[in-house]
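Here are the chains, one letter per residue:
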Amino acid sequence: MKRLNIAIIGQGRSGKDIHGKYYRSEDNQYYLVKYVVDADEFRRKVSESIYPDCKTLADYTELYAFNDIDLVVNATYSEMHYSITKDLLLHGKNVLVEKPFGRSRYECDELMKIAKEQGVTLAVFQQTFLAPFYQFAYDTISSGRLGDIKQINIRYNGFSRRWDWQTLQKKCAGSTYNTGPHPIGMALGFLDFDKDAKVLYSKLDTALTSGDADDYAKILITAPNKPLIDIEISAIDAYTDYNIKVQGTKGTLKATPKSYEMTYIQDGENPERPVVEEFLKDADGNPMYCSEKLIKHIESDKFVGTAFDIGTAKLYEQLYYKLAEGRDMTVTPEMAARIISVIETVHAQNPLPLKY
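Residues numbered from 1 in each chain as written. Predicted model: local features only at pLDDT ≥ 70, side-chain atom pairs only at ≥ 80, totals over all residues. Heavy atoms only, no water.

Let us now look at the packing of aromatic side chains. Across all of its chains, the model carries 21 aromatic pairs by this definition. The interplanar angle of 70 degrees and the centroid separation of 5.3 Å between the aromatic rings of Tyr31 and Tyr316 together place this pair among those described as edge-to-face. Placement of the pair is Tyr31 in strand β2 (residues 31-37) and Tyr316 in helix α8 (residues 307-325), with a sequence separation of 285 residues. Residue Tyr31 shares its accessibility class with Tyr316, and that shared class is buried. Each ring, one from Tyr77 and one from Trp165, has its centre 4.9 Å from the other, and the planes form 90 degrees; the classification is edge-to-face. Of this pair, Tyr77 sits in the loop between β4 (71-74) and α3 (81-90) while Trp165 sits in the loop between β7 (149-155) and α6 (175-178), and the two are 88 residues apart along the sequence. A relative accessible area of 37% places Tyr77 in the partly exposed class. Classification of Trp165 by relative accessible area gives partly exposed; the value is 26%. Members of the aromatic cluster, joined through ring pairs, are Tyr22, Tyr23, Tyr30, Tyr31, Tyr51, Phe125, Tyr316, Tyr320 and Tyr321. One cation-aromatic arrangement involves Arg145 over Tyr264; the distance from NZ or CZ to the ring centre is 5.0 Å. In this structure, Lys171 packs its charged tip against the face of Tyr77, placed 4.0 Å from the ring centre. (Phe/Tyr/Trp six-rings, centres within 6.5 Å; stacked < 30°, edge-to-face > 60°. Helix = DSSP H or I, 4+ residues; strand = E, 2+ residues; numbered from the N terminus. Buried < 20%, exposed > 50% of the residue type's maximum accessible area, 1.4 Å probe, protein only. Lys NZ or Arg CZ within 6 Å of the ring centre and 35° of its normal.)

Now the structure itself:
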């Protein structure tokens, strides 16, 4: 198998510790890191020690002098995703861009248009769609085991604060742009990316952040004849014990990236009870509360892998075969653009004051 040559732009947490971790893993049978771009000299020196065969550069435009690059990975600051990806595409490069895909739907649509015109591949690093816990939840919902799904809660919460660039609106940051692509993407996925999906309610606010971008978000999304999706991204919730909770007419599923638990009933084990209009009474004639002990089943298990290992490996494997053989990928740029449409809508509904 011929390995493809990669150039990666940016050696921050994502470039070095997410993408880089994959490049250095046994899962990577597909790519060779040939070029690393970062404006910081220290990071370039670290890259040279990590990838002995790579050439380091200070400016991404220097990549245009090399014709042996099969894929450029854009892991720069969020506000640079659009402009750098656009430049790369116009220079005929295949690009994998980190989330968020862009700041607006317009930016996403323009990038997709340029990629098509240039005849190059554009992919977005939304690996949560390939994470075991999301795929299990999606498959369980689709199977009908939980009955008619009424509501799905998605929580990406914690009790912590930030004071880095990811707290600044001018950097295309904050919870919805930074963390939001994961839960919002899952929400749209649970709705099968219904073209009529819409934001019913949203609220953005600041809580513990030192910056001016949101660190609290509540978003309600649904589509006709589909469940209500309740999304929360909060820096002030210390007690959430799930990332996904699914409520159906036959049971409930709660899951984290590491494990799940499901309580459900099965057809035929709890026959329907006729409605009693009069007050209920016990054998002695005393009033009693309407209650029964349902025959329920409980199961639980652990997942092998998360979005950061299994999900990343699967996305890169799919991208390899997209580049080498033209195969379709699970995560498409259009899906990532739909996510940005929701984020753009939520920000338009909740403008926060600019302080920096």
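The next thing to look at is the pairing of strand β9 (residues 216-222). In terms of residue burial, β9 counts as a mostly covered element, since six of its seven residues are buried. Judged from the seven bridges that link them, strand β8 (residues 198-205) and β9 form a sheet pairing that is antiparallel. The residue of β9 that forms the bridge with Leu204 is Ala217. Here β9 runs beside strand β10 (residues 228-234); their pairing, made up of six bridges, is antiparallel. For Ala217, the partnering residue across the bridge sits in β10 and is Ile233. (Pairing = 2+ DSSP bridges.)

What follows covers the nonpolar core. Counting residues in each nonpolar core, the largest one holds 70 residues, and the members touching the most others are Leu63, Phe101, Leu122, Ile152 and Phe190. At eight residues, helix α9 (residues 333-349) tops the list of elements feeding residues into this core. Those residues in contact with Phe190 that lie beyond four places of it in its chain are Tyr134, Ala137, Tyr138, Ile141, Ile152, Ile154, Ile229 and Ile244. Of all hydrophobic cores here, the second largest spans 25 residues; its members include Ile6, Leu130, Tyr316 and Tyr321. (Core = buried A, V, L, I, M, F, W, Y, C linked by side-chain atoms within 4.5 Å. Contact = heavy atoms within 4.5 Å.)

Read from one edge of the open sheet, six strands run β3-β2-β1-β4-β5-β6, paired in parallel fashion. Looking along the sheet, the strands with just one partner apiece sit at the ends: β3 (55-57) and β6 (122-125). Going across the sheet, the axis of each strand differs from the next one's by a mean of 25 degrees, ignoring polarity. Where α8 meets the sheet, its contacts fall on β1 (4-9), β2, β4, β5 (95-98) and β6, and the angle it forms with β6 comes to roughly 180 degrees. (Axes fitted to C-alpha atoms, helices over the stretch in contact; angles between N-to-C directions.)

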